[in-house]
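Working through the structure, step by step
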Amino acid sequence: DEGVLKGVADIMNAAEVRSTSTIVDADGLFLVAQNPELVEGRTDCVLTPNRRELERLAARLNVAAEAADVAAQVARKLGNVVVVAKGQRDVITDGTDVLVCDEPGAPKRCGG
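Just so it is clear, the structure is predicted and the values come from calculations on it, not from any experiment. (Residues numbered from 1 in each chain as written. Predicted model: local features only at pLDDT ≥ 70, side-chain atom pairs only at ≥ 80, totals over all residues. Heavy atoms only, no water.)

1. So, the overall build of the protein
When helices and strands are counted, the protein shows 4 helices and 5 strands. Along the chain direction, N to C, the helices and strands of the protein fall in the order α-β-α-β-α-α-β-β-β. Taken over the C-alpha trace, the protein has a radius of gyration of 14 Å; the compact-globule value for 112 residues is 13 Å, and the two agree within 12%. Dimensions of the protein along its principal axes, counting C-alpha atoms only, are 35 × 30 × 25 Å. Per-residue burial over the protein gives 37% buried out of 112 residues. Within the protein, counting contacts between residues at least 6 apart in sequence, those at least 24 apart form 41% of the total. Accessible surface for the protein amounts to roughly 6600 Å². Of this, 52% is attributable to carbon and sulfur atoms. (Helix = DSSP H or I, 4+ residues; strand = E, 2+ residues; numbered from the N terminus. Rg over C-alpha atoms; globule rule 2.2 N^0.38 Å. Buried < 20%, exposed > 50% of the residue type's maximum accessible area, 1.4 Å probe, protein only. Contact = heavy atoms within 4.5 Å. Areas by Shrake-Rupley, 256 points an atom, 1.4 Å probe, with all protein chains shown as cover.)

Okay, structure coming up:
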């Protein structure tokens, strides 16, 4: 719904003005893929994409989705936002530092 997406964009812009940290998941990631400028340079912003959401962001930013460092490339292209890429191995990166977690845990849905 366009009204909802506009409302979310307004909230994200207000968070930036107030220097409020933001966590973006689900439909928020869909919005960011459409309008990456919403988070560009926001080092206080955390994106939490699953595999499909990361592929969508990568395509929008002209990053090869199959690249081994796709999460880091996406983070760099967005001005070093934090990306927590969820999957078989979770990757946490700001485009410079990369942490990988492949510890088994509770069952989770990977890849949307």
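2. A closer look at helix 3 (residues 51-60)
Those residues of helix 3 that sit buried are Glu53, Leu54, Leu57 and Ala58. Taken down its axis, helix 3 places every buried residue within 140 degrees of arc, on the same side. Those residues of helix 3 that are buried lie in contact with helix 2 (27-34), strand 2 (45-47), helix 4 (70-77) and strand 3 (82-85). Near the N-terminus of helix 3, the side chain that reaches the backbone nitrogen of Arg52, with its oxygen 3.1 Å away, is that of Asn50. Count one or two residues on from helix 3 and you reach Asn62, which has phi positive near 60 degrees. (Arc of directions from axis to C-beta. Polar contact = N/O pair within 3.5 Å; in protein donor to acceptor, adjacent residues only side chain to side chain.)

3. Remarks on the confidence of the model for the protein
Considering every residue of the protein, the mean pLDDT works out to 92; 95% of them sit at 70 or more. For the protein, helix 1 (residues 2-17) is the element with the lowest average pLDDT, namely 92, and helix 4 is the one with the highest, namely 98. (pLDDT = per-residue confidence, 0-100.)

4. Things to note about the pairing of strand 5 (residues 98-101)
In this sheet, strand 5 lies alongside strand 4 (residues 90-93) in antiparallel orientation, the contact comprising 4 bridges. Of the residues in strand 5, the one forming a bridge with Thr93 is Val98. Here strand 4 hands over to strand 5 after 4 residues, with Gly95 in that stretch at a positive phi of 95 degrees. (Pairing = 2+ DSSP bridges.)

5. Let's talk about helix 4
Looking at helix 4, one finds that the buried residues are Val70, Ala71, Ala72, Val74 and Ala75. Packed against the buried residues of helix 4 are helix 3, strand 3, strand 4 and strand 5.

6. A look at the sheet that holds strand 5
An order of 1-2-3-4-5 is seen for the 5 strands of this open sheet, with the pairing classed as mixed. The sheet terminates laterally at strand 1 (22-24) and strand 5, the two strands that pair on one side only. Strand after strand, the sheet turns through a mean of 15 degrees between neighbouring axes, direction not considered. Across 2 bridges, strand 2 lies against strand 3 in parallel orientation. (Axes fitted to C-alpha atoms, helices over the stretch in contact; angles between N-to-C directions.)

7. Remarks on unusual backbone geometry
We note that Ser19 has phi near 55 degrees; this positive angle belongs to a residue other than glycine. For Ser19, the location among the structural elements is in the loop between helix 1 and strand 1. Of note, the phi angle at Asn80 is positive, near 70 degrees, even though the residue is not glycine. Structurally, Asn80 can be placed in the loop between helix 4 and strand 3.

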